Amino acid sequence: MRLIILGAPGSGKGSQCKWITRDYDVPHISTGDILRKNIADGTELGMEAKSYMDKGALVPDELVVNILKARISEPDCKEKGFLLDGFPRTIAQAQTLDAFLTAEGVSIDKVINLEVPDEEIMSRAINRRTCENPDCKEIYNLRDNPPKVEGVCDKCGSKLFQRKDDNEETVKNRLEVYHAQTEPLIAYYSEKGLVATVIGQERLEDTIALVKEILK
Ligand code: ADP
Ligand code: ZN
C-alpha cells in the first residue's frame, strides 16, 4: 500500500501514522523525523536543513526530494509500500514523486487529507510534548493528554521535550507556509481521484475510526 497523509503541521498526522504503520505493516516515512535525525547526528544535510526548520520555513525541495527518493528505494518500501508523512509539501515535490513512482511502475493508492482548524492547531502545538526516545516517540498534550509524571514518558520513562518549532511564532509561520504551499496538493491529488478527507476529531480514537473507514 502506498499512502500519503496530508494535513497542516500539528493536525495529528503523526498520531494517525503510528497506528496505520502498525496495523497495515507499512513503513512510516516522515521527512521531518529524517531531517531532525540528521540534525541530531550533525550531518551536513542536517546543518543545512536546521536554519530553515527553526524558522518554520520549508527546507529546499532538492534536499528533501533526495532523502525521500533514497528512503523509498530501500527494500522495506519496495516490498511493503510506504506511508508518507510530511512529504510532498509542495506541488514541485509531488510532481517529482509522481515521476519517480511512474518510472518504477507503481503509484499512490490513497491520499488522506486530515483537516483541523488553525486555532485548534495552535493550541495543540504549544501544548505538545514528545518522548525523546527514538524507539518510542510517544506524543503528549499538556492540555488533554498529559503524562502522569511531569516531563516523563508514561510508556518508557524517557524525558519529554518540546520541539523547538512548537512555539507560537513558528507555528504561525508553518501554518502560513502550509496554506500557501501544501494545501494546493489537495486539489492536485483530487484531480487524480485519490483524496479522502477526514475532519480531525477532538478525541484521537474518533479520528482513528474515521481513517479506518477510509482504508477499508
Ligand atoms: P509537522 O509534524 O509539524 O508537520 P514535520 O516534522 O513534518 O512537521 O516537519 C518539520 C519541519 O521540517 C518543517 O517545518 C520543514 O522545515 C521541514 N520539512 C519536513 N518535511 C519537509 C518537506 N517535504 N519539504 C520541505 N521541508 C520539510
Ligand atoms: Zn517514551
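As a reminder, the structure under discussion sits directly above these lines.
Residues numbered from 1 in each chain as written. Chains lettered and ligands numbered in written order. Predicted model: local features only at pLDDT ≥ 70, side-chain atom pairs only at ≥ 80, totals over all residues. Heavy atoms only, no water.

Student: Whenever I open this one, the overall build of the protein confuses me. Can you help?
Tutor: A tally of helices and strands in the protein yields 10 helices and eight strands. Each principal axis of the C-alpha distribution contributes one length, and for the protein these read about 50 × 40 × 35 Å. Within the span of the protein, comprising 216 residues, buried residues form 45% of the whole. Once local pairs closer than 6 in sequence are excluded, the contacts in the protein between residues at least 24 apart make up 69%. Looking at the protein as shown, the accessible area adds up to about 11200 Å², and 50% of this sits on carbon and sulfur atoms. (Helix = DSSP H or I, 4+ residues; strand = E, 2+ residues; numbered from the N terminus. Buried < 20%, exposed > 50% of the residue type's maximum accessible area, 1.4 Å probe, protein only. Contact = heavy atoms within 4.5 Å. Areas by Shrake-Rupley, 256 points an atom, 1.4 Å probe, with all protein chains shown as cover.)

Student: Looking at this structure, I do not really get the sheet that holds strand E7 (residues 160-161). What am I missing?
Tutor: Paired through their backbone hydrogen bonds, the strands of a sheet run either parallel or antiparallel. One open sheet accounts for three strands, arranged E6-E5-E7; its pairing is antiparallel. Strands with a single pairing partner mark the edges of an open sheet, and in this sheet they are strand E6 (139-141) and E7. Bridge analysis of strand E5 (residues 128-131) against E7 gives two bridges, and the strand direction is antiparallel. Bridging across to E7, Cys-131 finds its partner in Leu-160. (Pairing = 2+ DSSP bridges.)

Student: I keep staring at the coordination of the zinc ion (ligand 2) and nothing clicks. Help me out?
Tutor: Ideal geometry at a metal gives 109.5 degrees between four tetrahedral donors and either 90 or 180 degrees between six octahedral ones. Around the zinc ion (ligand 2), the protein contributes the donor atoms Cys-131 (SG), Cys-136 (SG), Cys-153 (SG) and Cys-156 (SG), at 2.3 Å from the metal centre. Considering all four donor atoms around the zinc ion (ligand 2), angles at the metal cover 98 to 115° and the coordination shape is tetrahedral. Here the donor residues for the zinc ion (ligand 2) map to a single chain with the spacing C-x4-C-x16-C-x2-C. Linking Cys-131 in strand E5 with Cys-153 in the loop between E6 and E7, this pair joins segments that are 22 residues apart in sequence. As far as burial versus exposure is concerned, Cys-131 and Cys-153 are alike and both buried. (Donors = N, O, S within 2.8 Å, 3.2 Å for Na, K, Ca; no water. Tetrahedral: all angles 85-135°; square planar, octahedral: opposite > 155°, others 65-115°.)

Student: Where do I start with the site of ligand 1 in this structure?
Tutor: For ligand 1, the set of nearby residues contains 20 residues, the closest of which are Thr-31, Ala-57, Gly-86, Gln-93 and Arg-174. Take Lys-13: an N or O atom from its side chain is 3.3 Å from an oxygen atom of ligand 1. With respect to ligand 1, the backbone of Ala-57 contributes an N or O atom lying 2.5 Å from an oxygen atom. Summarising the interface, the protein chains cover 96% of the accessible area of ligand 1, which totals 560 Å² for the free molecule. (Near = heavy atom within 4 Å. Polar contact = N/O pair within 3.5 Å; in protein donor to acceptor, adjacent residues only side chain to side chain.)

Student: What exactly am I supposed to notice about helix H3 (residues 44-55) here?
Tutor: For the α-helix, the turn length of 3.6 residues means that residues three or four positions removed from each other point alike. Within the sequence span of H3, burial applies to Leu-45, Gly-46, Ala-49 and Met-53. Down the axis of H3, the buried side of the element spans an arc of 80°, and every buried residue falls inside it. Exposed positions of H3 whose direction lies more than 90 degrees from the buried face are Glu-44, Met-47 and Lys-55. Turning to H3, the residues buried within the fold contact helix H2 (31-40) and helix H4 (61-72). (Arc of directions from axis to C-beta.)

Student: What is the right way to look at the side chain of Thr-130 in this model?
Tutor: Here Thr-130 lies in strand E5. Residue Thr-130 is classed as buried on the basis of its relative accessible area, which comes to 11%. Residues contacting Thr-130, with those up to four places away along its chain left out, are Lys-137, Glu-138, Lys-159, Leu-160, Phe-161 and Arg-163.

Student: Hey, could you run me through the sheet that holds strand E8 (residues 195-199) in this one?
Tutor: If you walk across this open sheet you meet the five strands as E2-E3-E1-E4-E8, and the pairing is parallel. The open sheet has two edge strands, strand E2 (28-30) and E8, and neither has a second partner. Sheet twist, expressed as the average angle between the axes of neighbouring strands with direction ignored, equals 20°. Pairing between strand E1 (residues 2-7) and strand E4 (residues 110-115): five bridges, direction parallel. Bridge pairing in E4 places Ile-4 opposite Val-111. (Axes fitted to C-alpha atoms, helices over the stretch in contact; angles between N-to-C directions.)

Student: Looking at this structure, how should I read the side chain of Arg-163?
Tutor: For Arg-163, the position within the fold is in the loop between E7 and helix H8 (168-182). Among the residues examined, Arg-163 registers a relative accessible area of 15% and is labelled buried. One polar contact links Arg-163 to Asp-165, side chain to side chain, over a distance of 3.1 Å. Residues within four places of Arg-163 in sequence aside, it is in contact with Arg-36, Arg-128, Thr-130 and Arg-174.

Student: How should the environment of Leu-114 be read in this particular structure?
Tutor: On the secondary structure map, Leu-114 appears in strand E4. A C-alpha to C-alpha distance of 21 Å links Leu-114 and Ala-57, two positions 57 residues apart in sequence. Leave out the neighbours within four places in its chain, and Leu-114 touches Leu-6, Gly-7, Ala-8, Ser-11, Gly-12, Lys-13, Gln-16, Val-198, Gly-200 and Thr-207.

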